[in-house]
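# Breakdown of the fold
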Amino acid sequence: MQEEQDLLANAIAKAESKLTQKEKRIAAYFLARPDAVIVEKNADIAKKLDLSTMTLTRFFRKIGFTDTADARAQSIQKTYRPGNDRVDKRFEDSFSRPSSEKAIKDLQLSRASVEAAYELRGSAIWEQIVELVAHSDAVHVTGFQTMHFLADGFFRRLSYLRNKVHLEDGIDGVYAGLLPEPGEHVALIMMDVYRYGAHGPRLAALAQERDIDVIVLADEFCDWAGGITPYVLRYPAETHFFLAMPQGITTGLNLLLQDVSASLGDTAGRRVKKLSEAQDYFGLFLD
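Residues numbered from 1 in each chain as written. Predicted model: local features only at pLDDT ≥ 70, side-chain atom pairs only at ≥ 80, totals over all residues. Heavy atoms only, no water.

### What to know about the packing of helix 2 (residues 21-32) against helix 5 (residues 53-62)
Quick reminder of the rule: Every angle, taken between N-to-C directions, lies between 0 and 180 degrees, and every axis is a line fitted to C-alpha atoms, over only the stretch in contact when it is a helix. Helix numbering and strand numbering both begin at the N terminus, where a helix is a DSSP run of H or I of at least 4 residues and a strand a DSSP run of E of at least 2. Roughly parallel covers angles under 35 degrees, roughly antiparallel covers those over 145, roughly perpendicular covers 65 to 115, and oblique covers all other angles. Two residues form a contact once any of their heavy atoms are found within 4.5 Å. Amino acids outside the nonpolar list (Ala, Val, Leu, Ile, Met, Phe, Trp, Tyr, Cys, Pro) and the charged list (Asp, Glu, Lys, Arg) are all regarded as polar, and Gly is one of them.
Contact geometry of helix 2 with helix 5 gives a least axis separation of 10 Å together with a crossing angle of 75°. In terms of axis orientation, helix 2 runs roughly perpendicular to helix 5. Taking contact as the criterion, the partners of Glu23, Ile26, Ala27 and Phe30 in helix 2 are, on helix 5, Thr55, Leu56, Phe59, Phe60 and Lys62. Grouping the amino acids of the contact of helix 2 with helix 5 by side-chain chemistry returns six nonpolar, one polar and two charged.

### Description of the nonpolar core
Heads up, the condition is: Residues belong to a common nonpolar core when they are buried Ala, Val, Leu, Ile, Met, Phe, Trp, Tyr or Cys residues joined through side-chain atoms within 4.5 Å. Burial classification: accessible surface area is computed with a 1.4 Å probe over protein chains only, and a residue below 20% of its type maximum counts as buried, one above 50% as exposed, and the rest as partly exposed.
Residues Phe30, Phe59, Phe60, Ile63, Phe65, Met190 and Trp224 are the most contacted members of the largest nonpolar core, which totals 48 residues. Residues contacting Phe65, with those up to four places away along its chain left out, are Leu7, Leu8, Ala11, Phe60, Asp70, Ala71 and Gln74. With 34 residues, the next largest nonpolar core counts Leu158, Leu217, Leu253 and Leu255 among its residues.

### Considering the environment of Ala36
Take Ala36: it is sitting in helix 3 (residues 36-39). In this structure the C-alpha to C-alpha distance between Ala36 and Arg72, which are 36 residues apart in sequence, comes to 9.2 Å. Discounting chain neighbours no more than four positions away, the residues touching Ala36 are Tyr29, Phe30 and Ile45.

### What about the pairing of strand 3 (residues 186-192)?
Convention followed: The criterion for strand pairing is that DSSP finds at least two bridges linking the strands in question. If you view a crossover with the strands going away from you and the path from the first strand over the helix to the second runs clockwise, you call it right-handed.
Strand 3 sits mainly inside the fold: seven of its seven residues count as buried. One ladder, built from six bridges, connects strand 1 (residues 138-143) with strand 3; its direction is parallel. Counterpart to His140 in the pairing with strand 3 is Leu188. Taken together, the six bridges between strand 3 and strand 4 (residues 213-219) define a ladder with parallel strand orientation. Among the inter-strand pairings, Ile189 is bridged to a residue of strand 4, identified as Ile215. Tracing the backbone out of strand 3, into helix 11 (residues 199-209) and back to the parallel element strand 4 gives a crossover that is right-handed.

### Re the confidence of the model for the protein
Any region with low pLDDT has predicted coordinates that should not be read closely. Quick note on the threshold: Known as pLDDT, the predictor's confidence for each residue is given on a scale from 0 to 100.
Taken over all residues, the pLDDT of the protein has a mean of 85, while the share at 70 or more is 89%. Segment residues 82-95 is flagged for pLDDT under 50; beyond a separation of four residues in sequence, or across chains, it makes 14 contacts in the model.

Structure representation (structure tokens):
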């Protein structure tokens, strides 16, 4: 993997100043998963990144290749040449002190993740999601595996802004909380990253059957959500970090809280004031 990573990373670094926002998103994808240029088709990559295949082709031309096929051929030549070591050392390297070069790459990828979150904020689908989270009769939140901590934090913060917010942890095995009352408009927010929890697609499909609007925040590897719901927000994968706490999704959740607060306006303001009074009553803070 290191060989194709170096090939792409060097090409991207030389053209970085000329890349558009969409092209920076593509760059972040290949820097996080350099093997993709060899093992994935153009159409599959474009679908994951919510881009056209032509945008992907233009990206490869801009970083110095004739087209995608040329980038793939050069990566294969470097990767599989005689004597090359194909051992993936990602986890081994995670326990060693990072070099200054690697630290710079990490910083670039982190910036790309945050920039992608702000870019998504300007999309039409974002406005629809804000409306659902702010004004549905009830909102349920769940996160699978390592994403449970994000779901829990978002649930607690959203509860400051509006009522009827629930955390679905799946401990009962059937998500009994997701049983809307007749005529109740419910939204379900799901978050997960590769490798995805087996319950995710099943829960999303079940929620759709119950007329629940499903919102998914995931990395760009996520290929199951688009066939179930139109409300999918994909952020650059951060596989270059060991056991990452994804900055893209975290930034997206912060922005979602901000925009939901603005959508609720005075309603959220009055609720926060009452909660602040309760905090003072119970003496929760030192000052």
